[in-house]
Amino acid sequence: FHADPSRYNQNFRVGLYVERNGTLVPLDAFDLATRRHDPFSSYNEYAERFRLDNADHPSQAVRCVCEGRTLIVADCAAAPEFEFFHEGQRNYLRSMVAHPLPGFCSEGVIPVRAAILLDTNVAGFFREEDRETIELL
């Protein structure tokens, strides 16, 4: 990963989304800056983007699960395939990874579709050339 160690204000957020009734819902999350476990308010406001059958404007979580591959967005503002939910996200959502978790079991032994998402407020932090390491981690 290509981070400048002098960036003391860099933040990271991680979210675990699992399938429930045809929708990916946040099971757990964490925001490094606030230490909160509920940093994803967009989920409540844009729930339709988390439906697994959304073909128009799916979230990155839905896209990675449905496509069965890791999505890496080095610079969210510059990536033509990336869609912000709202303009305010441009202030803190700069680079992200969405990784599917096939066979994830959140309750009992029945596997459900799931994804883990990581994002940071530093553009270029997650990069395609680091794909092998990102997927390994």
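Please refer to the structure placed before this passage.
Residues numbered from 1 in each chain as written. Predicted model: local features only at pLDDT ≥ 70, side-chain atom pairs only at ≥ 80, totals over all residues. Heavy atoms only, no water.

1. Things to note about the nonpolar core
Step number 1: Ranked by internal contacts, the top residues of the largest apolar core, which has 28 residues, are Y17, L24, C76, F82, M96 and L117.
Step number 2: Among the elements of the structure, β1 (12–20), β2 (23–31), α2 (60–67), β3 (71–73), β4 (95–100) and β5 (114–120) are those that each provide at least two residues to this core.
Step number 3: Tallying contributions element by element places α2 first for this core, with 4 residues.
Step number 4: Filtering out sequence-adjacent residues up to four positions away, F82 remains in contact with Q60, V73, C76, L93 and M96.
Step number 5: Within the second largest apolar cluster, 5 residues are counted, among which are I72, V97, F125 and I134. (Core = buried A, V, L, I, M, F, W, Y, C linked by side-chain atoms within 4.5 Å. Buried < 20%, exposed > 50% of the residue type's maximum accessible area, 1.4 Å probe, protein only. Helix = DSSP H or I, 4+ residues; strand = E, 2+ residues; numbered from the N terminus. Contact = heavy atoms within 4.5 Å.)

2. Side note on the packing of aromatic side chains
Step number 1: Under the defined criterion, the tally for this structure stands at 7 aromatic pairs.
Step number 2: Between Y43 and F50, the ring centres sit 5.0 Å apart and the planes meet at 65 degrees, which makes this aromatic pair edge-to-face.
Step number 3: Classification of Y43 as buried rests on a relative accessible area of 15%.
Step number 4: What makes F50 buried here is its relative accessible area of 3%.
Step number 5: A centroid spacing of 5.0 Å and a plane angle of 85 degrees characterise the contact between F82 and F84, whose relative ring orientation is edge-to-face. (Phe/Tyr/Trp six-rings, centres within 6.5 Å; stacked < 30°, edge-to-face > 60°.)

These values are about where atoms sit, not about what they do.
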